[in-house]
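Working through the structure, step by step
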Amino acid sequence: MFQNLGEMLLLLAATLRAIPRAWRDRRKVADQLFDIGNASLFMACMLSLFIGGVLALQTGPVLVQRGLGSSLGGLVALGMCKELAPVMMAVLIAGRIGSAMAAELGSMRVYQEIDALRTLNIDPVNYLVMPRVLAIAIALPCLVVFANLVGWTGGALVASFNDRISVTWSAFFGNLRSVVEFTDLINGLIKSFFFAVVIGVVSCHQGLTTLGGPRGIGRSVTKAVVNSLVLILLLDYVLTRLLLPLDNGWHF
Amino acid sequence: MNAPASKPSATGLPVAIRDLRKSFGDQPVLKGVSFDIRAGEVFVLMGPSGSGKSVFLRHLIGLETPDGGEIRIGGELATSEDIGSKFHLAIVFQSGGLLNSLTVAENVGLYLTEHRLKPQEEIDRIVTEKLALVKLDPGVAAQFPNELSGGMRKRVAIARALVGDPQLVLFDEPTSELDPLVALTIGREILNLNERTGATCVVVTHDRDLAFGIADRIGFLNEGELVVLGTPAEIRASPHPLLQQFLAADFHPQ
């Protein structure tokens, strides 16, 4: 993976240079956004609902036992918006969209479609990579906002209906409002933006460098997902550390 | 099919290949190939499978970088960054190289659309005209490449190559996987293109009928070396044993 890091950085630089074309290629970006939303919104909803629920289920009884049940809303909300929503949505997008992008570009490479673009003097980075990376970079933070809302709802549902927790809906959200700050949300959105860029660049790079036939495409898809996940988790630590100063920010 | 006796005023580009060398790992594929392709001619590079024909073609269009030697198209190095903006080159790949996510019309008009060379109405008109040139029904314009037969896909690829009036058109095994009738049509399309526009056409093939039917000159490549070069009559008369073996190879059931 690390031997390709230089190539991926060059692809990222070329993609950034192509960003001024985004407006003229807005239809391609919109098509990609539609595909991403279509493929991942239901999964994101299910995933977030259960993550929020499990978080409440794991921590709720322990907090209630120690008389801290009223803190459950804030705990679930912070866990969701600062860590679980960005990371889990990035994992979902890497698996569902990143793999599809690597497979699509890989088959385009194998079946000489990329070569055909080059011979028409069309830069594959402008035509294929930039719209995809930009669409993921827009879609993932939006999905994270959505995942936060659904995850909080999942946590509140479990908290109010589980007999061992029994924290009311209003107590849950009351605590959430007093604990969660606007900067906590921003924290998660910044992370998700960087994760999105990693997924887009890694997946497109793997697709564009595919060699061989269907076996090569399969190898590229696997590498795209694995490399994205490794980089997301590494980057998660680095970003969490860098974003710590944001923690004393604005309250809702 | 017969090559035209006289050519229109050539708008095509001359190509000069000098000592072209390429290896993949330890395997030499092109071993110092040198020859010239004249402006406006139909040049056929013939040879057995694995002789380096397709690799040679990829060098012409700048998709491969040579290990040694050079190719000059219209005096410019084929590897230079801006060759695509100086000259209009086109290639018809063996697989067609059509973008499967685009319709036939979008594929054919892609060069004009992406470079914003014409308004959309004009592009639609050109697409219809080019499809008609390769004898395709306007109804196929809205179809996707995977809904077409192999021969139709090849013709769409040729239509796409014709857009923007290229000065050099490369064909990689244009008749492979096609029945003899469709192959004949494709051969005629290549001749029509050359006659009408004067574009230089370079055809890589191991189809002997196609080669002798359309070529002004033929080169015979074997194991990365150009062993014979000449007009179809000269090629037929060549005493080169490998070439004669290649030309005489026919299936005779015992």
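Scanning chain A for helices and strands turns up eight helices and zero strands. The N-to-C order of helical and strand elements in chain A reads α-α-α-α-α-α-α-α. Going through the 252 residues of chain A one by one, you find that 44% of them count as buried. Counted over contacts in chain A with a minimum sequence separation of 6, partners at least 24 positions apart contribute 88%.

Right, let's get into the interface of chain B and chain A. With 14 residues of chain B at the interface, the matching set in chain A holds 11 residues. For the side of chain B that touches chain A, the class distribution of residues is nine nonpolar, four polar and one charged.

Further remarks concern unusual backbone geometry. In this model, Ser166(A) sits at a positive phi of 50°, which is unusual for a non-glycine residue. Of note, Ser166(A) is situated in the loop between helix H5 (124-161) and helix H6 (169-179). Of note in the backbone geometry, Lys135(B) takes a positive phi value of approximately 60° without being a glycine.

Another point: the environment of Val76(A). Residues and elements named next belong to chain A. Assignment of secondary structure puts Val 76 in helix H3 (residues 72-110). Among the residues examined, Val 76 registers 33 C-beta atoms within 10 Å and is labelled buried. C-alpha separation for the pair Val 76 and Leu 57, spaced 19 residues apart in sequence, amounts to 9.9 Å. Leave out the neighbours within four places in its chain, and Val 76 touches Gly 52, Leu 55, Ala 56, Trp 152 and Gly 155.

Once that is clear, we can look at the sheet that holds strand S8 (residues 200-205) of chain B. All names here are of chain B. Within the open sheet, the six strands sit side by side as S6-S7-S8-S3-S9-S10. Their pairing is mixed. Where the open sheet ends on each side, the last strands, each with one partner, are strand S6 (89-92) and strand S10 (225-230). Between one strand and the next, the sheet's axes are offset by a mean angle of 15°, whatever the strand orientation. Examined bridge by bridge, strand S3 (residues 42-46) and S8 share five bridges and lie parallel to one another.

A few words on the domain arrangement of chain B. All names here are of chain B. Here chain B is described as being made up of domain 1 (9-88 + 168-254) and domain 2 (100-164). Distance from the C-alpha centre of domain 1 to the C-alpha centre of domain 2: 25 Å. The interface is formed by 10 residues belonging to domain 1 together with 10 residues belonging to domain 2. Ranked by residue count, the leading element in the side of domain 1 that touches domain 2 is helix H7 (residues 180-197), at five residues. Residue composition of the side of domain 1 that touches domain 2, grouped by class: six nonpolar, two polar and two charged.

Residues and elements named next belong to chain B. Most of S8 is tucked away, with six of its six residues classed as buried. What you see with S8 is no split at all: Thr 200, Val 202 and Val 204 on one side and Cys 201, Val 203 and Thr 205 on the other are buried throughout. As defined by bridge partners, strand S7 (residues 168-172) adjoins S8 across five bridges and the pair is classed as parallel. Directly across from Leu 170, in S8, lies its bridge partner Val 202. Following the backbone out of S7, through H7 and into the adjacent parallel S8, one traces a crossover that is right-handed.

What follows covers the packing of H3(A) against H5(A). Residue and element names in this part refer to chain A. Between H3 and H5, whose axes approach to 7 Å, the crossing angle comes to 145°. In terms of crossing hand, the pair formed by H3 and H5 is right-handed. Residues of the contact of H3 with H5, tallied by class, amount to 22 nonpolar, three polar and one charged.

If you look at the biggest cluster of nonpolar residues, it comprises 139 residues, and the most contacted ones within it are Met89(A), Ile136(A), Leu140(A) and Val44(B). Counting the residues that make up this core, at least three belong to each of domain 1 (9-88 + 168-254) and domain 2 (100-164) of chain B. If we ignore the near neighbours within four places in the chain, the residues touching Leu140(A) are Met89(A), Ala90(A), Ile93(A), Ser192(A), Phe195(A) and Ala196(A).

Calculation notes
- Residues numbered from 1 in each chain as written.
- Chains lettered and ligands numbered in written order.
- Predicted model: local features only at pLDDT ≥ 70, side-chain atom pairs only at ≥ 80, totals over all residues.
- Helix = DSSP H or I, 4+ residues; strand = E, 2+ residues; numbered from the N terminus.
- Buried ≥ 20, exposed ≤ 12 C-beta atoms within 10 Å, placed from the backbone.
- Contact = placed C-beta atoms within 7 Å.
- Nonpolar A, V, L, I, M, F, W, Y, C, P; charged D, E, K, R; others polar.
- Pairing = 2+ DSSP bridges.
- Axes fitted to C-alpha atoms, helices over the stretch in contact; angles between N-to-C directions.
- Domains from an automatic or database assignment.
- Right-handed = clockwise from strand over helix to strand, strands pointing away.
- Left-handed = near helix turned anticlockwise from the far one by under 90°.
- Core = buried A, V, L, I, M, F, W, Y, C linked by C-beta atoms within 7 Å.

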